[in-house]
Every structure is written in structure tokens, then in C-alpha cells.
Amino acid sequence: MDKKKFEEPSVCFTLPDGYEELCRVDLQKDRRLAVLVNILALVIFLAGGVIGHRFVPIHTFYSMSDGMLLYFARLAAAFGGTVLYIFLHEFVHGTFIKYYSGRKAQYGFTGLYAYAGSKAYFNKSQYVVIALAPIVIWGIFLTVLLILVPQSWFWAVYFIQLVNLSGAAGDLYVVWKFFGMRGDILIRDSGTDMTVYAPVQETGMGQDSR
């Protein structure tokens, strides 16, 4: 079997000859998929909340035993940190987009969510790194922070961690979807939708039959 057929192409800004569209993922237009991803996000959030409660009871978050000032400080940190995280999440996507493509990512906001996109065509392994980088990097950072903060501040940080995990539901879905595809696919992510391309003569082999 020719090994070259399975080599991943390098990043490019023009679709190579012999490639055609294999599939598209658009959470804005595909309402059924959007509902599925949101359900997945909710399940992750709730499951994570139950796990966190087993380590530190959630009542420590809204307890005023250490004073009203610290109570509101925790609230401000949790919700302010969540808003900041949304932008930092996209910043990490954008950082890896620039790393692989050499060009700055295109940032935007749809009214429902922020995004980082590009006109580049990324190979499979590059796109997996771009998609998973925020959940891994911020997951590690927030876990270290959880170990360092006092117990009364656990849920202020853990709430952001839950947003990190559940908010990556869409990224996890596309990685799962693309993982079973052949190695030489190309992926273009505009930020609002993702299009997968494969060699014309091999489009029938683009996905595992399952």
C-alpha cells in the first residue's frame, strides 16, 4: 500500500488540486447538532459539578461565614473570570492557528459565542491540536489554581473549570467526528463552521464505515 497516500499535507491557503468537500459542520444552521452539543455541554457541566461537590461541598461558595465582602469577591471572581475565560479560550485557538498557518486568526462574535477562525486548510493533526489546546492548557492552569486556593475559593475557580470543560463540547465533538477520518483530510474552520476536504478519488474512504 502506498504510504504517501496517508501522509498529512502541510497547511495551505489554497485548496490543493484533487481535493473536494467531504462534509461540513455548522452549529448555527444545523439545529439538531446544536441541540446535541448543548446537551453534551450540560451533561459535562452537571457531572463535573457533582464530582466537585464530592471534594468540596458547594455551600462553601455562597457561605458568608468569612464575611460578606469575601462572599461578593468570590462571586465577582467566578463570573468575571468566566467572561475573561471566554476570550482567553479563543485566544489560545488563535495562537495555535497563527503558529501553524503563520497568519493571525480572525476573531469575531456571533451574538451567541465568540470564535477564532482562519482561511487556512489545516491537516488533521494540526486541527486536533488547535481544537483541544484551550481545554488542555486552561484545564491544567485551573487545576493547579484549585490546589493552591483556600477551600472557600474552590468553587469560584471550579466554576470556571466547569465552563472550560463544558464549553469545549463543540471542540470535543468535532475532534471525535474527524478522528475516524483518513489522515490526509484538510479542515478549514471559518470560526462559525468547519469544512472537511478529502482527495476526490478517495472521498468514499473519507470515513470509517460504522
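Remember, it's a predicted structure, so these values are computed and weren't measured experimentally.

A.B. asks: Any details on the side chain of T82? Residues and values, ideally.
C.D. replies: Summarising the element assignment, T82 is placed in helix α3 (residues 68-101). For T82, a relative accessible area of 12% gives the class buried. Among residues more than four places away in sequence, those in contact with T82 are F159, I160 and V163.

A.B. asks: Lay out the layout of surface pockets with the relevant residues and their values.
C.D. replies: The calculated volume of the largest pocket comes to roughly 1000 Å³. The wall of the largest pocket is formed by 37 residues, among which L27, E90, Y113, A114 and G167 lie closest to the centre. Elements that contribute at least two residues to the lining of the largest pocket include exactly α1 (31-55), α3, β3 (114-117), α4 (124-148), α5 (154-167) and α6 (169-179). In terms of residues, the lining of the largest pocket owes the most to one element, α3, which gives seven residues. Across the lining of the largest pocket, the residue classes break down as 22 nonpolar, 12 polar and three charged. Taken as a whole, the second largest pocket holds about 170 Å³ of empty space. Sorting the residues of the lining of the second largest pocket by element identifies α3, α4 and α5 as the ones contributing at least two each. For the lining of the second largest pocket, the element with the highest residue contribution is α3, accounting for five residues. Its residues assigned to classes, the lining of the second largest pocket comprises 12 nonpolar, one polar and no charged.

A.B. asks: Can you explain the UniProt feature "transmembrane region" (unreviewed entry) in the protein chain? Please cite residues and give values.
C.D. replies: Cross-referencing UniProt, the feature "transmembrane region" (unreviewed entry) maps to residues 33-56, 68-88, 127-149 and 155-176 in the present numbering. With 96% helix and 0% strand, residues 33-56 has its two end C-alpha atoms placed 34 Å apart. With 100% helix and 0% strand, the stretch residues 68-88 has end C-alpha atoms that lie 29 Å from each other.

A.B. asks: Could you give an account of the packing of α4 against α5, with specific residues and numbers?
C.D. replies: Two numbers describe how α4 lies on α5: the axes approach to 10 Å, and their chain directions differ by 165°. Considered as vectors, α4 and α5 are oriented roughly antiparallel to each other. Crossing angle aside, the handedness with which α4 passes α5 is left-handed. Across the interface between the two elements, P134, I135, W138, G139, L142, T143, L145 and L146 from α4 touch F154, V157, Y158, I160, Q161, N164 and L165 from α5. Across the contact of α4 with α5, the residue classes break down as 11 nonpolar, four polar and no charged.

A.B. asks: A description of the pattern of salt bridges should follow, citing residues and the corresponding values.
C.D. replies: Per the stated rule, a full pass over the model turns up two salt bridges. Of the charged contacts in the structure, one is a salt bridge between E21 and R24, with a shortest N-O distance of 3.3 Å. Judged by relative accessible area, which is 48%, R24 ranks as partly exposed. In this structure, the salt-bridge partner of D184 is R182, at a minimum N-O distance of 2.3 Å. Each member of the pair, D184 together with R182, is buried.

Basis of the calculations
- Residues numbered from 1 in each chain as written.
- Predicted model: local features only at pLDDT ≥ 70, side-chain atom pairs only at ≥ 80, totals over all residues.
- Heavy atoms only, no water.
- Helix = DSSP H or I, 4+ residues; strand = E, 2+ residues; numbered from the N terminus.
- Buried < 20%, exposed > 50% of the residue type's maximum accessible area, 1.4 Å probe, protein only.
- Contact = heavy atoms within 4.5 Å.
- 1 Å grid on protein atoms, 1.4 Å probe; cavity = no way out; pocket = protein on both sides within 12 Å on 5 of 7 lines; lining within 4 Å.
- Points joined across faces, edges and corners; volume = space filled by probe spheres on them.
- Nonpolar A, V, L, I, M, F, W, Y, C, P; charged D, E, K, R; others polar.
- UniProt positions renumbered as here; feature names shortened; annotations may be inferred.
- Axes fitted to C-alpha atoms, helices over the stretch in contact; angles between N-to-C directions.
- Parallel < 35°, antiparallel > 145°, perpendicular 65-115°, else oblique.
- Left-handed = near helix turned anticlockwise from the far one by under 90°.
- Salt bridge = Lys/Arg side-chain N within 4 Å of Asp/Glu carboxyl O.

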